[in-house]
Amino acid sequence: MSRTSLVRKAAALTAAVGGLAVAVTATLATSAVAAPSQDAATASRAAAPASSSWFVDPRTPAQRKAQIAVPNNPKAYRGKLRETRAVYRTRSGSLAVPIRKAAGHQLAKGQAVTLDGDGLFARNSPKLTAAAKRQLTTLGTSLGNATSVRCEGYTDHSGSKSRNRELAKKRAAAVCGQLVANVSGLKANSVGYGSTRPAVVGGTVAQRKLNRRVVIEMTGAKPAAPQAQVPGAPELVYVDQVRNGFRYAFRAPQTDGGSPITGYQVSTGGAWSPVTSAPRRMAASGPSACLADCGEDLIRGDLWGLTTLAEVEVQVRAVNKVGAGAPSNGIDSVVADLPGAPTNLVATASGTQVILNFNLPAGNGLEIWGYELKIDEGDWGYVSPTYGSLTLQNQTPGTHVYQLRAINMIGTGEASTSNAVTIAAPGPQVYRSESYYSQSQYWTSAFFFEVPGAVSYEVRLDGGDWLPFTIESSSPNGSYGYIKDPACQAGGCTMNRTVEMRAILADGPGAVGNAFTSNYVVLG
C-alpha cells in the first residue's frame, strides 16, 4: 500500500471516530433528560420574571440557552467543560441564586440560594469550614421570616455513586444544622442527591467545583403581619351652626386600620382640611335632642371662616400613616351669619302710642326668630313685630329714640336707629267729682289720676279761669283734692259743674285732661 493510501485511510478513520464522538455526545444530550417536563419547567422558570430585584438569575438568557440537559450518566460525558441546566437550580428546577446575593435581603417562601465554591468543606468530609460558617451566619439574617428550610446536597461525579450520595446527605445535614443553630425556632430537613444532578460536566475534577454545593430553599414562612389600612369611618353626631362656620362632634372610628390615628379632616363638600380642635374629647354637650343618646367621649371640632352663605354637607374622616379613611355620615347644614340690620326704621307718635315701621332685614342663611328693642339708653327687650311694623303703647312723656335689631339662631345682628319722637304728657284723668253746698260754703272735689313729673295741678270749672287745686291725698291708685268755688261763693249755685284739670310741670302747664261733670250735693 502506498504512503498516499495510508494517509487517506488514516484520515477516514479519524473522521469516523470524530463522527462517533459527535453522535455519542448528541445522544447523551438527548437521552439525559431524566424528566422532560422538569427541564421544560426549568426553562419556563428561567424566562419568568424575578420576584425581587436582588433575586435574579446569575446566568443570562444566552448562557441558559447554551446549557445542556443533565446527563443520565455524567461520567460518560466526554468533552470540554459544559454547564447543565441544574446550575443554580433546586432539584425541582427553581432558581437558587448564589448565597452571597442574599446578604442584606430577606428570603421569601420558595426562594433558594446556592452554597458553592472551594474551601467550604474539608476534603471528602461534611465538616464545614470557618468560611462556610461565616456565609451561613450571614444567611441566617436573611431568614428572619422563615419557619423552615430544605437543604439539598450535591457532589461531583468523580467518586462512587453511593459514597457521593452519602457525602451529599451529610453535607446538607451539616448546613441545615448550622442554620438551625443560627436561627431561633427554624426547622429544617435535608436530602442528598450525590452526583446525579451535576451543575457542570466534562473538564477536570478541579474545574467541576460548581458540582460540590448545597442548595438551601426556604420552605415555610411566618404568617405575614397584617398590613396597616386606612382608618374606618367616624360617626358624625351633630353639627351646630356658628357665625360663618360650624361646631360639631363625632365618634372615633371603630378601627384605626392597624395604625394609630394621627388626626382628622373635615369637609363641607370641597377640599378636606384639618379638624382644628380635634382630638379634643368631651362629654356629650350638643343640642338637647342629642343629649339622651350621644354618650360620652365625643370628639369636637370647630370650623370657621366660611364666608360663602350656602347649604353644605358636613363630613369628617380619620387619617393615619397609610392615608385618609372613608368619610363619615353627612349632616346637612347652612353656612350662616348674624342677621342684617332692619332698614328704614321710622317712629311715629300719636298720643302715648308709637308705631315703628321698617324693612325686614336679611336672615343671612337662617330664619329670623325675633327682634330686640331698646328705648333711649334702656335695656334691650324682646319684641314681636308683625310684617315690619311694631306698635308700642303707653310711652312715657318726653323725646325718645328707638333701636331695633334682629335675632337668628347664631345671635343678634346690628341695630338700626329710628328718628326722635316726642310724647306729650297726658292731662290728669278725673274719674269722680262732686260740687257741695253747705252752710253757705261751696266747693268742688275731684278724684283723679296724677301725671308723672307734675309739680302741682290746676282746675277750671265750666271753662272758666285756671285756678289752683289743693290735693289732700295722693296715691298711684287715685288722688283726691278740692277747690273752693268762687262763682258759687258769690251768688250760690244749684247746678252741676264741668271739671277739667291740668298738671303744672317743670317747664310749664301740661296737657288738659278729660272734662268730667260733677254731681251737685246739698249738705245739712
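Just so we're clear, the structure is a prediction, and the values are computed from it rather than from any experiment.

**Examining the overall build of the protein chain**
Check the secondary structure of the protein chain and you find 7 helices and 34 strands. Counting only residues that meet the buried cut, the protein chain has 42% of its 524 residues in that class. Partitioning the intrachain contacts of the protein chain with sequence separation of at least 6 by distance along the chain shows that 67% fall at a separation of at least 24. Accessible area for the protein chain stands at about 27,100 Å²; split by element, carbon and sulfur atoms hold 53% of it.

**Overview of the pairing of strand 17 (residues 353-359)**
Burial along strand 17 is one-sided: Val 354, Leu 356 and Phe 358 are buried, and none of Gln 353, Ile 355, Asn 357 and Asn 359, which face the opposite way, are. Pairing of strand 16 (residues 343-350) with strand 17 involves 6 bridges; the strand directions are antiparallel. Residue Ala 349 lies in a different strand from strand 17, and its bridge partner there is Val 354. The loop that links strand 16 with its antiparallel partner strand 17 comprises 2 residues; one of these, Gly 351, has a positive phi angle of about 65 degrees. Direction of pairing for strand 17 relative to strand 20 (residues 389-392): antiparallel, over a ladder of 4 bridges. Its bridge partner being in strand 20, Leu 356 is matched across the sheet by Leu 390.

**Focus on the environment of Ala 103**
Along the chain, Ala 103 falls in the loop between strand 2 (96-98) and strand 3 (112-116). For Ala 103, a relative accessible area of 39% translates into the label partly exposed. Considering only alpha carbons, one finds Ala 103 and Gly 140, 37 residues apart in sequence, at a separation of 9.4 Å. Beyond its immediate chain neighbours, meaning those up to four positions away, Ala 103 contacts Thr 138 and Ser 142.

**A look at the nonpolar core**
By size, the foremost hydrophobic cluster in this structure holds 28 residues, and its most contacted members are Leu 136, Leu 139, Leu 143, Val 175, Leu 179 and Ile 216. Of all the secondary structure elements, the ones that give two or more residues to this core are strand 3, helix 4 (130-140), strand 4 (146-154), helix 5 (161-182) and strand 7 (213-221). In contact with Leu 143, other than residues within four places in its own chain, are Gln 106, Leu 107, Val 149, Leu 179, Val 183, Leu 186 and Met 218. Core analysis: the second largest hydrophobic core is formed by 16 residues, Leu 236, Val 239, Phe 246 and Ile 299 among them.

**Topic: the sheet that holds strand 14 (residues 311-319)**
The strand order across the open sheet built from 4 strands is 11-10-14-15, with neighbouring strands paired in antiparallel fashion. Looking at strand neighbours, the two that pair on one side only are strand 11 (273-274) and strand 15 (331-334), the edges of this open sheet. Bridge count for strand 10 (residues 263-267) against strand 11 is 2 bridges, and the pairing is antiparallel. Each residue of the ladder has a partner; that of Val 266, found in strand 11, is Ser 273.

**Describing the sheet that holds strand 26 (residues 441-449)**
Pairing is mixed in the open sheet, where 5 strands are placed in the order 29-30-26-25-34. Both edges of this open sheet fall to strand 29 (470-473) and strand 34 (519-522), since each of them pairs with a single strand only. Each neighbouring strand pair of the sheet contributes to a mean axis angle of 25 degrees, computed without reference to strand direction. Pairing of strand 26 with strand 30 (residues 479-484), which is carried by 6 bridges, proceeds in the antiparallel orientation. Bridging across to strand 30, Phe 448 finds its partner in Ser 479.

**Things to note about the side chain of Ser 433**
Tracing the backbone through its elements, the reader meets Ser 433 in strand 25 (residues 429-438). According to the relative accessible area criterion, Ser 433 is buried, its value standing at 2%. Within the structure, the side chain of Ser 433 is placed 2.6 Å from the backbone oxygen of Ser 445, a separation counted as a polar contact. Contact partners of Ser 433, with chain neighbours within four places excluded, come to Thr 444, Ser 445, Ala 446, Val 499, Phe 516, Ser 518 and Asn 519.

**Comments concerning unusual backbone geometry**
One non-glycine residue, Asn 124, lies in the positive phi region at around 55 degrees. Structurally, Asn 124 can be placed in the loop between strand 3 and helix 4. Look at Asn 124 and you get partly exposed, because its relative accessible area is 47%. Phi at Asn 394 takes a positive value of approximately 55 degrees, unusual for a residue other than glycine. Within the fold, Asn 394 resides in the loop between strand 20 and strand 21 (398-400). Overall, the relative accessible area of 65% leaves Asn 394 in the exposed class.

**Examining the environment of Val 455**
Assignment of secondary structure puts Val 455 in the loop between strand 26 and strand 27 (456-461). Val 455 sits 50 residues away from Leu 505 along the chain, and the two C-alpha atoms are 5.4 Å apart. Look past the residues within four positions of Val 455 in its chain and what remains in contact with it is Ile 504, Leu 505 and Ala 506.

Definitions and limits used
- Residues numbered from 1 in each chain as written.
- Predicted model: local features only at pLDDT ≥ 70, side-chain atom pairs only at ≥ 80, totals over all residues.
- Heavy atoms only, no water.
- Helix = DSSP H or I, 4+ residues; strand = E, 2+ residues; numbered from the N terminus.
- Buried < 20%, exposed > 50% of the residue type's maximum accessible area, 1.4 Å probe, protein only.
- Contact = heavy atoms within 4.5 Å.
- Areas by Shrake-Rupley, 256 points an atom, 1.4 Å probe, with all protein chains shown as cover.
- Pairing = 2+ DSSP bridges.
- Core = buried A, V, L, I, M, F, W, Y, C linked by side-chain atoms within 4.5 Å.
- Axes fitted to C-alpha atoms, helices over the stretch in contact; angles between N-to-C directions.
- Polar contact = N/O pair within 3.5 Å; in protein donor to acceptor, adjacent residues only side chain to side chain.

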